[in-house]
Amino acid sequence: MAMLQLTISDMACGACVETITKAVQDLDATATLDADTQTKQVTITTTAAPDLVKGAIATAGYTITSA
Ligand SMILES: [Cu+2]
């Protein structure tokens with residue numbers, strides 16, 4: 001298990017969190033996300049490789065500004 005802490009600047013609301021969660025869980029169904037739309041911080045616990053997770057989030061249309 002790896003824990004990733006990312007800042008996703010355009011994660012604005014619950015629907016964004018759902019989209020990001022789905023993108024990550026497509027890679028690893030057991031992944032968990034803890035997201036705060038105020039601070040734009042997301043903590044992801046997953047067995048998937050960090051680069052794949054970041055790629056999936058970018059493909060879903062979101063911008064990672066800090067990793
Ligand atoms: Cu949104």
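In what follows, the structure referred to is the one given above.
Anyway, here's the lowdown on the structure attached to this text. These numbers come from a predicted model, not from an experiment.

**Some words on the overall build of the protein**
Here comes step 1: For the protein, the helix and strand inventory stands at 2 helices and 4 strands.
Here comes step 2: Listing each helix as α and each strand as β along the protein from the N terminus yields β-α-β-β-α-β.
Here comes step 3: A compact globule built from 67 residues would reach a C-alpha radius of gyration of about 11 Å, and the protein, at 10 Å, matches this within 12%.
Here comes step 4: Overall, the C-alpha framework of the protein stretches about 25 × 20 × 20 Å when taken along its three principal axes.
Here comes step 5: Looking at the protein as a whole, 33% of its 67 residues are labelled buried.
Here comes step 6: Sequence-distant contacts in the protein: of pairs separated by 6 or more residues, those separated by 24 or more amount to 67%.
Here comes step 7: When the accessible surface of the protein is summed, it comes to about 3,700 Å², and 52% of that surface belongs to carbon and sulfur atoms.

**A short note on the coordination of the copper ion**
Here comes step 1: Each protein donor to the copper ion is listed here as Cys13 (SG) and Cys16 (SG); together their distances run 2.1 Å.
Here comes step 2: Residue class for Cys16 comes out buried when judged on its relative accessible area of 10%.

**A look at the sheet that holds strand E3 (residues 41-46)**
Here comes step 1: Strand order across the open sheet formed by 4 strands is E2-E3-E1-E4, with antiparallel pairing between neighbours. Looking at strand neighbours, the two that pair on one side only are strand E2 (32-36) and strand E4 (64-66), the edges of this open sheet. Strand-to-strand, the axes of this sheet are offset by a mean angle of 35°, without reference to chain direction.
Here comes step 2: Inspection of the sheet shows strand E1 (residues 2-8) paired to E4 by 2 bridges, in the antiparallel sense. Within the sheet, the bridge partner assigned to Ile8 lies in E4 and is Ile64.
Here comes step 3: Contacting E1, E2 and E3, helix H1 (residues 14-27) runs over the sheet at an angle of about 155° to E2.
Here comes step 4: Together, E1, E3 and E4 form the strand contacts of helix H2 (residues 50-59), whose direction differs from that of E1 by roughly 30°.

**Looking at unusual backbone geometry**
Here comes step 1: In this model, Lys40 sits at a positive phi of 70°, which is unusual for a non-glycine residue.
Here comes step 2: Classification of Lys40 by relative accessible area gives partly exposed; the value is 22%.

**What about the pattern of salt bridges?**
Here comes step 1: Inspection of every chain in the model, using the stated rule, returns 1 salt bridge.
Here comes step 2: For Asp26, the salt bridge is made with Lys22, and the minimal N-O distance between the two is 3.4 Å. In this pair, Asp26 and Lys22 are both assigned in helix H1, 4 residues apart and thus about one turn of the helix distant. Exposure class is identical for Asp26 and Lys22. Each is exposed.

What counts as what
Residues numbered from 1 in each chain as written. Predicted model: local features only at pLDDT ≥ 70, side-chain atom pairs only at ≥ 80, totals over all residues. Heavy atoms only, no water. Helix = DSSP H or I, 4+ residues; strand = E, 2+ residues; numbered from the N terminus. Rg over C-alpha atoms; globule rule 2.2 N^0.38 Å. Buried < 20%, exposed > 50% of the residue type's maximum accessible area, 1.4 Å probe, protein only. Contact = heavy atoms within 4.5 Å. Areas by Shrake-Rupley, 256 points an atom, 1.4 Å probe, with all protein chains shown as cover. Donors = N, O, S within 2.8 Å, 3.2 Å for Na, K, Ca; no water. Pairing = 2+ DSSP bridges. Axes fitted to C-alpha atoms, helices over the stretch in contact; angles between N-to-C directions. Salt bridge = Lys/Arg side-chain N within 4 Å of Asp/Glu carboxyl O.

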